[in-house]
Amino acid sequence: MASKSNPFTFLQQVRTEVSKVTWPTRRETLISTIMVLIMVVFAAAFFFIADQALGFAVGFIMSAGR
């Protein structure tokens, strides 16, 4: 079990750890955001097309039995 420390000590430790983080630049954040949005559009298009194709195939198979 972890030893308990007071809130002041905890906040000091958090501040020390946060200062060690290498934060991304504004440009890196913008590029990453754009790439995520592009991948979301591609994934949405892929799943839409796959859903439409499978729906058409199932409909065709179901109507062929009549």
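As annotated in an unreviewed UniProt entry, the chain carries the name Protein translocase subunit SecE and comes from Aureimonas altamirensis DSM 21988. Regarding the chain, the UniProt comment filed under Subunit (unreviewed entry) reads as follows: "Component of the Sec protein translocase complex. Heterotrimer consisting of SecY, SecE and SecG subunits. The heterotrimers can form oligomers, although 1 heterotrimer is thought to be able to translocate proteins. Interacts with the ribosome. Interacts with SecDF, and other proteins may be involved. Interacts with SecA." In its Function (unreviewed entry) section, the UniProt entry covering the chain states "Essential subunit of the Sec protein translocation channel SecYEG. Clamps together the 2 halves of SecY. May contact the channel plug during translocation."

Glancing now at the packing of aromatic side chains. In this structure the tally under the stated criterion is 2 aromatic pairs. Ring centres of Phe46 and Phe47 lie 5.2 Å apart, and the angle between their planes is 70°; this geometry places the pair in the edge-to-face category. Pair check on accessibility: Phe46 and Phe47 agree, each one exposed. Relative to Phe60, the ring of Phe56 lies with its centre 6.5 Å away and its plane at 20°, an arrangement referred to as stacked. Highlighted residues: Phe56 and Phe60, both in helix 2 (residues 26-64), separated by 4 residues, approximately one helical turn. We note that Phe56, like Phe60, is exposed.

Thresholds applied
All chains use their own residue numbering, which begins from 1 and follows the written sequence. Where local features are concerned, this predicted model is filtered to residues with pLDDT of at least 70; where side-chain atom pairs are given and counted, the filter is 80 or more; whole-chain, interface and lining totals use all residues. Derived side-chain values reflect all non-hydrogen atoms in the structure, with water molecules and hydrogen atoms excluded from consideration. UniProt positions are given in the numbering used here, feature names are shortened, and annotations may be inferred rather than shown by experiment. The criterion for an aromatic pair is that two Phe, Tyr or Trp rings (for Trp, the six-membered ring) have centres within 6.5 Å, with stacked assigned to planes under 30 degrees apart, edge-to-face to planes over 60 apart and tilted to the rest. Any residue under 20% of the maximum accessible area for its type is buried, any over 50% is exposed, and the rest in between are partly exposed; the area is computed with a 1.4 Å probe on protein chains only. Here a strand is any run of E in DSSP of at least two residues, a helix any run of H or I of at least four, and the numbering for each starts at the N terminus.

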